[in-house]
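# Structure at a glance
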Amino acid sequence: MIEGLRHILFPEVCVACHRLLDAGDQLLCPDCLAEFNPFPGADAGSSALHRVVREHFGPKAAPAFAWCLYPYRHAGRLHDAMHALKYEGIYPLGALLGRKLGELVGSSPCTFDAIVAVPLHPLKKIERSYNQSHKIAEGVAGVLGLPVLEKVVERHRYTGSQTGLTSTARRKNVQDAFRPGKATCPPCVLLVDDVVTTGATMVAAAKALRDSGALSVAFAAVALTEKE
Ligand SMILES: [Zn+2]
């Protein structure tokens, strides 16, 4: 009764299509989730992410292991959901997508010491009030039962948006944007981000993590931009 009244007074809508959610659905409706169209299995997402990083940065930059949930286009329901997560304050969506990503990572035999989110520059964090990748990392960490480490890498250079930049410009934009943080990084970590386009950000953050003590850095991203 109270739950029914709450639904009438504060109807919950899907963050991507804004239709009313059924009781039991969280943040996203089943139609939108179906339209997200995940990679068909962990191997497909993994090879797609590996391939993109190798193409742009060569085999040496390729991560030890990689996971990715969805191919990403600059239109459609997944785009709307990621926009809501990043710019509209719908941060609980990060934990939800992070749990899905954590289940994918957890289906492999790989183990890690900790999870690390790609950090935002402190000014951008103030601007946005939260780091969407950290929200995703918390979801991943919850499933895997691991801590999220915040002080092992920091973003010390304020970089503009990567959107619309060429591969070379992306690399220049984030090169040296990260440096080791105050804490030493454990040997084996999983680096988490929201959307990967060329991998420039993750490659640059992984380098700082290795400078901070990591021996192996694996990548996990919610989505990977498809070539258009
Ligand atoms: Zn929807």
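Since we're looking at a predicted model, the values are computed, not measured. (Residues numbered from 1 in each chain as written. Predicted model: local features only at pLDDT ≥ 70, side-chain atom pairs only at ≥ 80, totals over all residues. Heavy atoms only, no water.)

This brings us to the nonpolar core. Buried together is how nonpolar side chains tend to be arranged in soluble globular proteins. In terms of nonpolar packing, the biggest core is built from 36 residues, with L28, W67, L101, L190, V192 and V222 touching the most fellow members. Breaking this core down by element, the ones donating at least two residues are β1 (66–72), α4 (77–87), α5 (92–106), β2 (114–117), α7 (132–144), β5 (188–196) and β6 (216–225). By residue number, the principal contributor to this core is α5, which donates six residues. Counting only domains with at least three residues in this core, you end up with domain 1 (1–35) and domain 2 (38–225). What L190 contacts, discounting residues up to four positions off in sequence, is W67, V105, F112, A114, I115, V116, V140, L144, A218, F219 and A220. Listed in part, the 34 residues of the second largest apolar core include F39, A200, M202 and V217. (Core = buried A, V, L, I, M, F, W, Y, C linked by side-chain atoms within 4.5 Å. Buried < 20%, exposed > 50% of the residue type's maximum accessible area, 1.4 Å probe, protein only. Helix = DSSP H or I, 4+ residues; strand = E, 2+ residues; numbered from the N terminus. Domains from an automatic or database assignment. Contact = heavy atoms within 4.5 Å.)

As a volume, the largest pocket reaches approximately 750 Å³. If you trace the largest pocket, you find 33 residues lining it, with K86, Q162, T163, D194 and V195 closest to the centre. For the lining of the largest pocket, the secondary-structure elements that each account for two or more residues are α4, α6 (122–128), α7, β5 and α9 (200–211). At five residues, the largest contribution of residues to the lining of the largest pocket is made by α4. Within the lining of the largest pocket, the residues separate by chemical class into ten nonpolar, 16 polar and seven charged. In this structure, the second largest pocket encloses a volume near 440 Å³. (1 Å grid on protein atoms, 1.4 Å probe; cavity = no way out; pocket = protein on both sides within 12 Å on 5 of 7 lines; lining within 4 Å. Points joined across faces, edges and corners; volume = space filled by probe spheres on them. Nonpolar A, V, L, I, M, F, W, Y, C, P; charged D, E, K, R; others polar.)

All right, on to the domain arrangement of the protein then. Segmenting the protein into domains produces domain 1 (1–35) and domain 2 (38–225). The interface is formed by eleven residues belonging to domain 1 together with eleven residues belonging to domain 2. Carbon and sulfur atoms make up 66% of the surface buried where domain 1 meets domain 2, a total of about 940 Å² over both sides. Linking domain 1 with domain 2 are one salt bridge, by the criterion used here. As a salt-bridge pair, R77 and E35 come within 3.7 Å of each other at their nearest N and O atoms. There are zero residue pairs in polar contact (both at pLDDT 80 or more) connecting domain 1 and domain 2. Of the residues in the side of domain 1 that touches domain 2, the class split is seven nonpolar, one polar and three charged. (Buried area = accessible area lost by both parts, 1.4 Å probe. Salt bridge = Lys/Arg side-chain N within 4 Å of Asp/Glu carboxyl O. Polar contact = N/O pair within 3.5 Å; in protein donor to acceptor, adjacent residues only side chain to side chain.)

Put simply, α5 and α7 touch, their axes get as near as 6 Å, and they point 45° apart. Between α5 and α7, the interaxial angle falls into the category oblique. For α5 against α7, the interelement crossing comes out right-handed. Residues G94, A95, G98, R99, L101, G102, E103, V105 and G106 of α5 lie in contact with α7, whose contacting residues are K135, I136, G139, V140, V143 and L144. Looking at the contact of α5 with α7 residue by residue, the class counts come to seven nonpolar, five polar and three charged. (Axes fitted to C-alpha atoms, helices over the stretch in contact; angles between N-to-C directions. Parallel < 35°, antiparallel > 145°, perpendicular 65-115°, else oblique. Left-handed = near helix turned anticlockwise from the far one by under 90°.)

This next bit is on the coordination of the zinc ion. Around the zinc ion, the protein contributes the donor atoms C14 (SG), C17 (SG), C29 (SG) and C32 (SG), at 2.2 to 2.3 Å from the metal centre. Taken together, the four donor atoms coordinating the zinc ion span angles of 105 to 117° at the metal, a pattern that classifies the geometry as tetrahedral. Site description for the zinc ion: donor spacing in sequence, C-x2-C-x11-C-x2-C. With C14 in the loop between α1 (2–9) and α2 (30–35) and C32 in helix α2, the pair connects residues that are 18 residues apart, well separated along the chain. Under the relative-accessibility criterion, C14 is labelled buried at 0%. A relative accessible area of 0% means that C32 is categorised as buried. (Donors = N, O, S within 2.8 Å, 3.2 Å for Na, K, Ca; no water. Tetrahedral: all angles 85-135°; square planar, octahedral: opposite > 155°, others 65-115°.)

A full pass over the atoms with the stated rule returns six salt bridges. Of the charged contacts in the structure, one is a salt bridge between E226 and R73, with a shortest N-O distance of 2.8 Å. Taken together, the positions of E226 in the segment after β6 and R73 in the loop between β1 and α4 put the pair 153 residues apart, joining distant regions of the chain. On the accessibility criterion, E226 (30% relative accessible area) is partly exposed.

Moving on, we get to the sheet that holds β1. One open sheet holds the four strands; their spatial order is β1-β6-β5-β2, and the pairing between them is parallel. Only two strands of the sheet have a single partner each, and these edge strands are β1 and β2. Shown here is a sheet whose adjacent strand axes are inclined to one another by a mean of 20°, direction ignored. Relative to β6, β1 runs parallel, the two sharing six bridges. In the strand pairing of β6, W67 is matched with A220. Most of the contacts of helix α3 (residues 42–57) go to β1, to which it runs at about 90°, and overall it touches β1, β5 and β6. Along the sheet face, α4 touches β1, β5 and β6 and points at about 115° away from the line of β1. (Pairing = 2+ DSSP bridges.)

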